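Residues per chain are reported as follows:
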Amino acid sequence: MAWDTPLADRVKNLKPSPTLAVDAKAKALKAQGIDIVNLSAGEPDFDTPDHIKEAAIKAIKEGFTKYTPVGGIAELKDAILAKMKRHYGLEYTPEQVLVSTGGKQGLYNVIQAMVNPGDEVIVPVPYWVSYPAIIELAGGIPVFLPSEASTNFAIDMERLKALVNSKTKAIILNSPSNPTGAVYDTETLRAVAEFAVEKGFYIITDDIYDEIRFDGKGPENPASVLPEAKDHVIVANGVSKTYAMTGWRIGYLAGPNPVIKAATKIQSQSTSNANSIAQKAAASALSGPQDCVARMVEAFRQRRDYIVDRLNGMEGISCPMPQGAFYVFPDLSAFSGSRAGGKTISTSLDMADYLLEEAKIACVPGIAFGDDRFIRFSYATDPKIIEEGMNRLEEALKKLEK
Ligand code: PMP
Ligand code: GLU
């Protein structure tokens, strides 16, 4: 008699992260010698700056290789407190900060700490791929708040108000956004913060792209625009994107004491402290020279200008101008129903498959972010690769029959 594999219910409908899956597929094809243009992963192509690497090498040489406090070393917490003050004008105590293994674990911990089975968490669409899965793993229910490219994916306050009820625990905001690159304006952040205070729900603000902005403005979040709302706001951030440190795995939370204490408890029973050496490197990133950030942001800005221009120059594509992060999210729905080699393109997944097969371009279908009209391209890669990708895209789209 065959036995069912004894897996838990919670993983039965869980899908692996689609962004990591596409990236892994692209890298595997490349390793086989296939000429792939990889515009999938949200990972800066820059090397981690040298002074950050030096801090890690020093940590190893000095034997800083043991367990640290679960919540993170004092030096890194101090650097995080200084960053929160410098960019947001917000004061936290070290107990109000938790250092985790990447921004993703910080988000996981906070949802585990706050969400009961049946609790609702509002997720604006398009959303970063992991939010619904992280909510569902806690037994929570993601409640989706749609947005439109025509309003630059702004939050519609009337629609938000209609979704909030007694089960609403939190809303997750992500500005600048992955996948759209959109930035919420100050008025929107204030309106959501006021509404959260009024109704008593929390805002989890995923600020991981906060310094990668092209609008000349500094980072902002609901707590910085409405300091009275600070006790309703949990900040999730990390060093992965700003300092090209995706592999080091350091993220952090800042928020009210009870929430951070609970999230720390969860971490103490799951992964313990984040890597000791990477914590030293992250402290150096946050408190060392910041000109490396300005250089990378300027490079991203030039790439953004190029890729948006190319995309909007192609018939059938409409691409909003992102104000931050390093993604473009063009609308390719005009190609829905077109055919290539006997196959019909009906969904964003069909389009992503077609681009991979026909043009050897790796990208992420919009459906992974909750909107099937779009495709996400990451431009955190070499300008020559972006140019080649756009040339291939143009050719591949021309081959489609209406
Ligand atoms: N939030 C968003 C919106 C992201 O794009 C990412 C990138 N993976 C993360 C969180 C998590 O970052 P990390 O690599 O530090 O876990
Ligand atoms: N956040 C990046 C992306 O969206 C990395 C992949 C992931 O963590 O899912 O591509």
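Residues numbered from 1 in each chain as written. Chains lettered and ligands numbered in written order. Predicted model: local features only at pLDDT ≥ 70, side-chain atom pairs only at ≥ 80, totals over all residues. Heavy atoms only, no water.

Some words on a nonpolar patch on the surface
Operational definition: The patch calculation keeps residues exceeding 30% relative accessible area without a salt bridge and links them within 9 Å when they carry like charges or within 5 Å when they are nonpolar (Val, Leu, Ile, Met, Phe, Trp, Tyr). In short, Shrake-Rupley with a 1.4 Å probe defines the accessible areas, and a residue's cover is counted only from the protein chains shown. Salt bridge, as applied in this entry: a Lys or Arg side-chain nitrogen positioned within 4 Å of an Asp or Glu carboxyl oxygen. Here a strand is any run of E in DSSP of at least two residues, a helix any run of H or I of at least four, and the numbering for each starts at the N terminus. Only protein chains enter the accessibility calculation, which uses a 1.4 Å probe; a residue is then buried when its area is under 20% of its type maximum, exposed when over 50%, and partly exposed in between.
Among the surface-exposed residues, Leu7, Val11 and Leu14 lie close enough to one another that they form a single nonpolar patch of about 250 Å² accessible area. With respect to the element layout, Leu14 can be found in the loop between helix 1 (9-12) and helix 2 (18-31). Residue class for Leu14 comes out partly exposed when judged on its relative accessible area of 37%.

A word on the sheet that holds strand 13 (residues 364-365)
The following threshold applies: For two strands to count as paired, DSSP must find a minimum of two bridges between them. Contacts were defined at the residue level, with two residues in contact if any of their heavy atoms lie within 4.5 Å. Axis definition: a line fitted to C-alpha atoms, limited for helices to the stretch in contact. Angles are taken between N-to-C directions and run from 0 to 180 degrees.
Strand order in the open sheet made by the three strands is 9-14-13, with antiparallel pairing throughout. Whereas interior strands pair on both sides, the edge strands pair on one side only; in this sheet they are strand 9 (327-328) and strand 13. Along the sheet, helix 13 (residues 348-359) makes contact with strand 13 and strand 14 (375-378), crossing strand 14 at roughly 45°.

A short note on the pairing of strand 4 (residues 141-145)
The pairing of strand 3 (residues 120-124) with strand 4 spans five bridges and is classified as parallel. By the bridge assignment, Ile122 is partnered in strand 4 with Val143.

Remarks on the site of ligand 1
To keep it simple, the criterion reads: Whether a residue is near a molecule or strand depends on its heavy atoms: it is near if one of them lies within 4 Å of it. In protein, a polar contact means a hydrogen-donor-capable atom and an acceptor-capable atom, both N or O and within 3.5 Å, with residues adjacent in sequence counting only if both atoms are side-chain atoms; elsewhere, any N or O pair within 3.5 Å suffices.
Neighbouring residues of ligand 1: 13 residues in total, closest Asn178, Asp206, Tyr209, Ser240 and Lys241. For ligand 1, an oxygen atom lies 2.9 Å from a polar atom in the backbone of Lys104. Asp206 has a polar side-chain atom sitting 2.6 Å from a nitrogen atom of ligand 1. In the complex, the protein chains occlude 92% of the 390 Å² of accessible area that ligand 1 would expose alone. Sorting elements by how many residues they give to the shell around ligand 1 places helix 5 (residues 102-114) first, with three residues.

Some thoughts on the site of ligand 2
Put simply, the test is: Three classes are used, and their members are as follows: Ala, Val, Leu, Ile, Met, Phe, Trp, Tyr, Cys and Pro are nonpolar, Asp, Glu, Lys and Arg are charged, and the others, Gly among them, are polar.
Around ligand 2 sit Ser17, Thr19, Leu20, Ala41, Gly42, Lys104, Trp128, Asn178, Lys241, Tyr327 and Arg376, and that is every residue in its neighbourhood. Ser17 has a polar side-chain atom sitting 3.1 Å from an oxygen atom of ligand 2. A distance of 2.8 Å is found between an oxygen atom of ligand 2 and a side-chain nitrogen or oxygen belonging to Arg376. Taken by itself ligand 2 offers 280 Å² of open surface, and the protein chains cover 88% of this. The residue inventory of the shell around ligand 2, partitioned by class, reads four nonpolar, four polar and three charged.

A word on helix 13
The condition that has to hold: Expected span, for any helix, means 1.5 Å times one less than how many residues it has.
Across its 12 residues, helix 13 extends 15 Å between first and last C-alpha, which sits within 8% of the 16 Å expected from 1.5 Å per residue. Ser348, Met351, Ala352, Tyr354, Leu355, Leu356 and Ala359 are the residues of helix 13 that are buried. Where helix 13 terminates, the next one or two residues include Lys360, which has phi positive at roughly 55°.

Digging into the sheet that holds strand 6 (residues 202-206)
Strand pairing in a sheet relies on backbone hydrogen bonds. The paired strands run either parallel or antiparallel. On the basis of which strands lie adjacent, the open sheet formed by seven strands has the order 2-8-7-6-5-3-4 and mixed pairing. Two strands lie at the open edges of the sheet, namely strand 2 (97-100) and strand 4, each paired on one side alone. Neighbour to neighbour, the strand axes of the sheet diverge by 20° on average, direction disregarded. In the sheet, strand 2 pairs with strand 8 (residues 251-254) via four bridges, with the strands oriented antiparallel. Within strand 8, the residue paired with Ser100 across the bridge is Gly251.

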